[in-house]
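Spelled out from the first residue to the last, the chains are:
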Amino acid sequence: MTDDLTAPTEQEEAAPTAALETPLAERIEAILLIIDEPIGLVALAAAVGSPVAAVRQTIEALVDDYDGRGSGPRRGFELREVGGGWRLYVREDHDSLVAEFVGGQAPARLSQAALETLAVIAYKQPVTRSQVASIRAVNVDSVVRTLLARGLITELFADAETGAINYGTTDALLQHLGINSLDELPPISPLLDDGADGFDEGVVR
């Protein structure tokens, strides 16, 4: 005979599951904070384990909240749809503030990994992060973030089909190199043992 005193109730069985669940908005924000490229609704729904319709509704609510159309103030960042995906961005009003802060915090020198990634982008642009990673055969997520923060590269456009961001160099890089145009960069062939592995001819634009 089963001892009723030791048998778990329905509420006790559901408690662990309920305790592990977090609000959908929080899960979506957690993903949005760590992505480097816009994420589509289907991929976002899969990441947070919720229906696409629920994710779409929550995204719309977050947009209103960040824009100050909810109960709170407008935020210094915004949730924007780019190339069929969603990503957090600093509001344009604060671009100069952020650029000044990052410039003051940035270290004087770039790492070897950052220099190599910057070279690939300079010669291959416009180029996506995954293409750079393929050429260097390493993950370049953090390096790309560093170069963006230093103002040496910028987001040019998002691929219409995949939503992948294409990167290119900025005028700041030209100033650091003391040149007026990317055409003044040295030919890539003498810098590589195999001639031009990973690059196409005439890639400097």
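**A short note on unusual backbone geometry**
And step 1. Cis geometry is found at the peptide bond from Gln125 to Pro126, where omega equals -5°.
And step 2. Residue Ala137 is not a glycine yet carries a positive backbone phi of 60°.
And step 3. Residue position: Ala137 is located in the loop between helix H7 (129-136) and helix H8 (141-149).
And step 4. A relative accessible area of 67% places Ala137 in the exposed class.

**What about the pairing of strand S4 (residues 153-158)?**
And step 1. Note: S4 against strand S5 (residues 165-169), five bridges, orientation antiparallel. Counted as the bridge partner of Thr154 is Gly168 from S5.
And step 2. Between the antiparallel neighbours S4 and S5 lie six residues, among them Gly163 with a positive phi of about 80°.

**Digging into the pattern of salt bridges**
And step 1. Scanning the model with the defined rule gives eleven salt bridges in all.
And step 2. A salt bridge links Asp93 to Arg74; its shortest N-O distance comes to 2.9 Å. Here the residue Asp93 occupies a position in the loop between strand S2 (85-90) and helix H5 (95-105), and Arg74 occupies one in the loop between helix H4 (52-66) and strand S1 (77-82), the gap between them amounting to 19 residues.
And step 3. Looking at Arg74, the relative accessible area reads 47%, which means it is partly exposed.
And step 4. The partner of Glu116 in a salt bridge is Arg136, with the nearest N and O atoms 2.8 Å apart. With Glu116 in helix H6 (residues 112-124) and Arg136 in helix H7, the pair connects residues that are 20 residues apart, well separated along the chain.
And step 5. Salt bridges here are not isolated pairs; linked through shared partners, they connect Asp64, Asp67, Arg69, Glu78, Arg80 and Arg91.

**Quick look at the packing of aromatic side chains**
And step 1. Applying the stated criterion across every chain yields a total of one aromatic pair.
And step 2. Between the aromatic rings of Tyr66 and Phe77, the centroid separation amounts to 4.8 Å while the plane-to-plane angle is 65°, which identifies the pairing as edge-to-face. Of this pair, Tyr66 sits in helix H4 while Phe77 sits in strand S1, placing them eleven residues apart in sequence.
And step 3. Given the relative accessible area of 2%, Tyr66 is considered buried.
And step 4. Exposure remark for Phe77: the relative accessible area of 31% places this residue in the partly exposed category.
And step 5. Above the ring of Tyr89, the side-chain terminus of Arg80 is found at 4.1 Å from the ring centroid.

**Here's the deal with the nonpolar core**
And step 1. Membership of the largest hydrophobic core comes to 21 residues, with the highest contact counts inside it found for Leu118, Ile121, Val132, Leu147, Ile153, Tyr167 and Leu185.
And step 2. Among the elements of the structure, H6, H8, S5 and helix H9 (171-177) are those that each provide at least two residues to this core.
And step 3. The element best represented in this core is H6, accounting for six residues.
And step 4. Contacts of Leu185, omitting those with residues within four sequence positions, involve Ala122, Tyr123, Leu177 and Ile179.
And step 5. Grouped together as the second largest cluster of nonpolar side chains are 17 residues, Ile35, Ile39, Leu41 and Ala45 included.

Quick notes on the rules
- Residues numbered from 1 in each chain as written.
- Predicted model: local features only at pLDDT ≥ 70, side-chain atom pairs only at ≥ 80, totals over all residues.
- Heavy atoms only, no water.
- Helix = DSSP H or I, 4+ residues; strand = E, 2+ residues; numbered from the N terminus.
- Buried < 20%, exposed > 50% of the residue type's maximum accessible area, 1.4 Å probe, protein only.
- Pairing = 2+ DSSP bridges.
- Salt bridge = Lys/Arg side-chain N within 4 Å of Asp/Glu carboxyl O.
- Phe/Tyr/Trp six-rings, centres within 6.5 Å; stacked < 30°, edge-to-face > 60°.
- Lys NZ or Arg CZ within 6 Å of the ring centre and 35° of its normal.
- Core = buried A, V, L, I, M, F, W, Y, C linked by side-chain atoms within 4.5 Å.
- Contact = heavy atoms within 4.5 Å.

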